[in-house]
Amino acid sequence: MSGKTETFELRDGASGRSSQLPVRTGTIGPAALDIAGLHKDLDVFTYDPGFGATAATESRITYIDGDAGVLLYRGYPIEQLAEKSSFMEVAYLLLLGELPTSRQLEEFTGNIRYHTMLNETLLRFFNGFHHNAHPMAMVSAVVASMSAFYHDTMDIHNPRHREIFSHRIIAKLPTIAAAAHKHSLGQPFIYPRNELDYAANLLHMLFAVPCEAYKLDPIASEALDLLFILHADHEQNASTSTVRLAGSTGANPYAAISAGVSALWGPAHGGANEAVLAMLEQIGSVDHIPKHLAMAKDKSGHFRLMGFGHRVYKNFDPRAQIIRAMCHKVLARLGRADNPLFELALRLEEIALKDEYFVSRKLYPNVDFYSGVIYSAIGIPRSMFTVMFAVARTVGWVAHWQEMISDPGMRIGRPRQLYTGATRREYLEIARRG
Ligand code: ACO
């Protein structure tokens, strides 16, 4: 629970009425004005489209300082976790608040492994999709459909049910993701191999075929594990807020996570990784960069420099820096150091970061500017990029959903509005209109 240090008085000059707004302080970061009494005291709402200055909740999970480029999971810097940890350890940390002991980690990964298979009936859902369905459409539908299978463990007020749900969803997301990919290819589904770690198992399910052995490339699973760590959580971003809002109604958690998958899909959010590669291919060569930068600056069009800019990071995105370094490593180890799209991305970054438009608006490469280069290098098709993001972010969504549901003060999320439509008018019979 946050502390309340002082109050901030807001006075309405016209009526003379005032409201005492408590100032809530967290452990780090800006304090927040508690405006809950404002409407009652002064009969006004606050207006903050896009929630640029609104703290919708207290949270203990992730902290971001956008000016300093700081990202902490449960207090631990992302750079340290990226270097020393694993995705499963980070998942434990985000869900349970502390780094696990060896025994705790073994037990946790055992619980995840136990749930990797999909019910065969659920697997058949994929056959209802056309072969060219976008994998995100299949993933959101199949995740929502999971609620039809686990009636026995869906009491959101039962901590053990919530725990089983969290193991199930984290375990099954890679299987669902891989099944969506296999369906697009017309290849048979590949069952999980539980002796593999989380990222390696996903690569196995994506790329193995029944007629020949699949040789896992350790650099591919190392890179994927790193990308999963970096994408695992990002405090109250659009998809996480969607999960919280949907979950705040008491909807079952599979429905809430499916809502998060849908929100992630948009190109302003998780869909950016797919859009970046499309953009790089569209640009094609260094000579065409100036033309595309001009398009990105032109307010009369819709073209934006995908993978650039962030609502919170206004200096650099620490995740982008880690991924850029990993790009070099992956491409060198795969013998593709002269990858033309990566070269183009590096040049685009260099040119944009010297351009007054991007400098003055503090637009820097975000987490998704380089992630697609790595996914492509390890053979993951572009349509699957956002699905990869969803696999990783499921951990963050679950951690936030758990935090919200276990808060005794939880209320349904229900924003208000500034109404600008027609004032009251009388219904006109159709014969008398026009
Ligand atoms: N290319 C060109 N101009 C941009 C870009 C961009 N990528 N991003 C922001 N701007 C401009 C805006 O036009 C605006 O200019 P103005 O002040 O002249 O009107 C200014 O920068 C501020 O931009 P906003 O849209 O107000 O910033 P907001 O915080 O609302 O949006 C967002 C952030 C959605 C990430 C935006 O930068 C964007 O669309 N980026 C491209 C998509 C992308 O990479 N998304 C992934 C984000 S990371 C993630 O979700 C995992």
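The coordinates are above.
Cut-off values and rules
- Residues numbered from 1 in each chain as written.
- Predicted model: local features only at pLDDT ≥ 70, side-chain atom pairs only at ≥ 80, totals over all residues.
- Heavy atoms only, no water.
- Pairing = 2+ DSSP bridges.
- Helix = DSSP H or I, 4+ residues; strand = E, 2+ residues; numbered from the N terminus.
- Near = heavy atom within 4 Å.
- Polar contact = N/O pair within 3.5 Å; in protein donor to acceptor, adjacent residues only side chain to side chain.
- Areas by Shrake-Rupley, 256 points an atom, 1.4 Å probe, with all protein chains shown as cover.
- Nonpolar A, V, L, I, M, F, W, Y, C, P; charged D, E, K, R; others polar.
- Expected span 1.5 Å × (residues − 1).
- Buried < 20%, exposed > 50% of the residue type's maximum accessible area, 1.4 Å probe, protein only.
- Arc of directions from axis to C-beta.
- Patch = residues over 30% accessible without salt bridge, like charges linked within 9 Å, V, L, I, M, F, W, Y side chains within 5 Å.
- Salt bridge = Lys/Arg side-chain N within 4 Å of Asp/Glu carboxyl O.

(A) Main features of the sheet that holds strand β5 (residues 70–73). Pairing is antiparallel in the open sheet, where three strands are placed in the order β4-β5-β6. The strands lining the two open edges of the sheet, one partner per strand, are β4 (62–65) and β6 (76–77). Of the strand pairs in this sheet, β4 and β5 are connected by four bridges, and their pairing is antiparallel. In the sheet register, tyrosine 63 faces β5, and the bridge partner there is leucine 72.

(B) Looking closely at the site of the ligand. Among the 21 residues in the neighbourhood of the ligand, the closest are listed as Lys299, Leu305, Gly307, Arg311 and Asn366. At a separation of 2.8 Å, an oxygen atom of the ligand approaches a polar side-chain atom of arginine 304. In the model, an oxygen atom of the ligand is placed 2.8 Å from a nitrogen or oxygen of the glycine 307 main chain. In isolation the ligand offers 920 Å² of accessible surface; the protein chains occlude 75% of this area. Counted by class, the shell around the ligand contains eleven nonpolar, five polar and five charged residues.

(C) Spotlight on helix α15 (residues 340–352). Counted at 1.5 Å a residue, the expected span for α15 with its 13 residues is 18 Å, and the 18 Å between its end C-alpha atoms agrees. Turning to α15, its buried residues number three or more, namely Phe342, Leu344, Ala345, Leu348, Glu349 and Ala352. End-on view of α15: buried residues confined to an arc of 160°, all on one side of the axis. Two to three positions downstream of the cap, the backbone nitrogen of leucine 341 sits 3.0 Å from a side-chain oxygen, assigning the N-cap of α15 to asparagine 339.

(D) The arrangement of a nonpolar patch on the surface in detail. Together, Phe8, Leu10, Leu33 and Ile35 make up an exposed nonpolar region whose accessible area comes to about 310 Å². Within the fold, isoleucine 35 resides in the loop between β3 (32–33) and α1 (38–42).

(E) Quick look at the pattern of salt bridges. This structure, assessed with the given rule, holds 16 salt bridges. A salt bridge links arginine 382 to glutamate 281; the shortest N-O distance between them is 2.2 Å. Note that arginine 382 is positioned in the loop between α17 (368–377) and α18 (385–405) and glutamate 281 in helix α12 (residues 272–283), a separation of 101 residues in sequence. Judged by relative accessible area, glutamate 281 falls into the partly exposed class, the value being 45%.

So yeah, pure geometry; function would need other evidence.
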